[in-house]
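One-letter residues, chain by chain:
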Amino acid sequence: MVLAIALPLALVVRYLFVERSNLFLRGILLYVIPFLVFASFLIVQKQTYGWYLNPNNLNATKLEFNSITQRAWDYSLKFVWLRQGRWFLTATSLIYLVVLIAKGKFKNGLNAAMALLVIFSFGFMVFSSIASCLHRYFLVMMPIVSVTFAITLYRINEYKKNAGILLLTIGLVLNLYFLNDKTQNSEVNLSYKNQVVVNKLLFNYLNQPKFDNKKVKLDFPIFEATQDYRYGYAIPLKYQAIPFSENVAADCYVYTVPGNASNLSNNTDSLILDHTITIHSASAFIYLKR
């Protein structure tokens, strides 16, 4: 949706500020096609499900000022442009941009590709500040950050030989350093493998004879893994996996980070800790009923 809007807007910017072409009208008409396709999709969805847009997604959309600014900072700005060592890429590009503006050469460096990058990035960040979002949604912005940095390095290297190579080396080293963030679990870097290893150790532990014929309560995201071997973990051998959503007593309760560990303090009075598995910021806690 954002791209379908960004493309004609970039064409308008090019027409107004770069080149007034006779192909402008033909291009605008061409960009109407995605909107016609989307309109057709909405009609089909209405006929099939009874609604144009998924109600669950619409309910997650918030227009409050505090919500918009919080999402804009946490996702669109901090994660995309600053986290995982990208602050260096962003700082380098911003400094170069300031220098261009100060020397009055910014307009000369503006072209259709750069206009599209700017418009799409701004539109995507605004859209995501209103709609429901997760960090992995913003992986689409990573090529934008890389391209912006690459353009900056190319221009810098034209003025100062080998300066671009030096800056690129620094940027790559920083990115590699933050590739596995040991302070948080995330689906957008290699720290996610810590959770995978913890889950494997957890299921191996639960498949011991001591849990035979026992009722074991597990919550999202690991209960689903006990129901389908395609998740890649060991499915239950002799214990009975029960979701936390079922209001039944169990012999064993499993809490995980990430997962349901935030609810642990509410139930510890009737439980005793049996085993803990921790790898950096990923953990699993196995409790037995007293």
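In this text, all values refer to a predicted model and were calculated from it rather than measured experimentally. (Residues numbered from 1 in each chain as written. Predicted model: local features only at pLDDT ≥ 70, side-chain atom pairs only at ≥ 80, totals over all residues. Heavy atoms only, no water.)

Chemist: For the packing of aromatic side chains, give the residues involved together with the corresponding values.
Modeler: Think of a pair of aromatic rings as described by two things: how far the centres are apart, and how the planes are tilted against each other in angle. According to the stated counting rule, one finds 13 aromatic pairs in the structure shown. With a centroid separation of 5.1 Å and an interplanar angle of 15°, the aromatic rings of Tyr49 and Trp51 are classed as stacked. Note on Tyr49: relative accessible area 55%, which makes it exposed. You can call Trp51 partly exposed: its relative accessible area is 25%. Each residue in the set Tyr75, Phe120, Phe124 and Phe138 is aromatic and connected to the rest through ring pairs, giving one cluster. The aromatic ring of Phe79 is capped on one face by Arg86, whose charged end is 5.1 Å from the ring centroid. (Phe/Tyr/Trp six-rings, centres within 6.5 Å; stacked < 30°, edge-to-face > 60°. Buried < 20%, exposed > 50% of the residue type's maximum accessible area, 1.4 Å probe, protein only. Lys NZ or Arg CZ within 6 Å of the ring centre and 35° of its normal.)

Chemist: Residues and numbers for the pattern of salt bridges, please.
Modeler: One pass over the full model with this rule turns up four salt bridges. Arg230 is the partner of Asp228 in a salt bridge, and the nearest nitrogen-oxygen pair spans 2.7 Å. On the basis of relative accessible area, Asp228 is assigned to the buried category, the value being 18%. Taking the relative accessible area as the measure of exposure, Arg230 reaches 67% and is therefore exposed. (Salt bridge = Lys/Arg side-chain N within 4 Å of Asp/Glu carboxyl O.)

Chemist: Tell me about the environment of Ile130, residues and numbers included.
Modeler: Residue position: Ile130 is located in helix H7 (residues 112-130). For the pair Ile130 and Leu11, spaced 119 residues apart in sequence, the C-alpha to C-alpha distance is 25 Å. (Helix = DSSP H or I, 4+ residues; strand = E, 2+ residues; numbered from the N terminus.)

Chemist: An account of unusual backbone geometry is needed here, citing residue identities and associated values.
Modeler: A cis amide bond links Val257 to the next residue, Pro258, at an omega of 0°. By the element assignment, Pro258 lies in the loop between strand S3 (252-257) and strand S4 (271-279). Residue Asn213 is not a glycine yet carries a positive backbone phi of 65°. Mapped onto the secondary structure, Asn213 falls in the loop between helix H10 (192-206) and strand S1 (215-218). A relative accessible area of 69% means that Asn213 is categorised as exposed.

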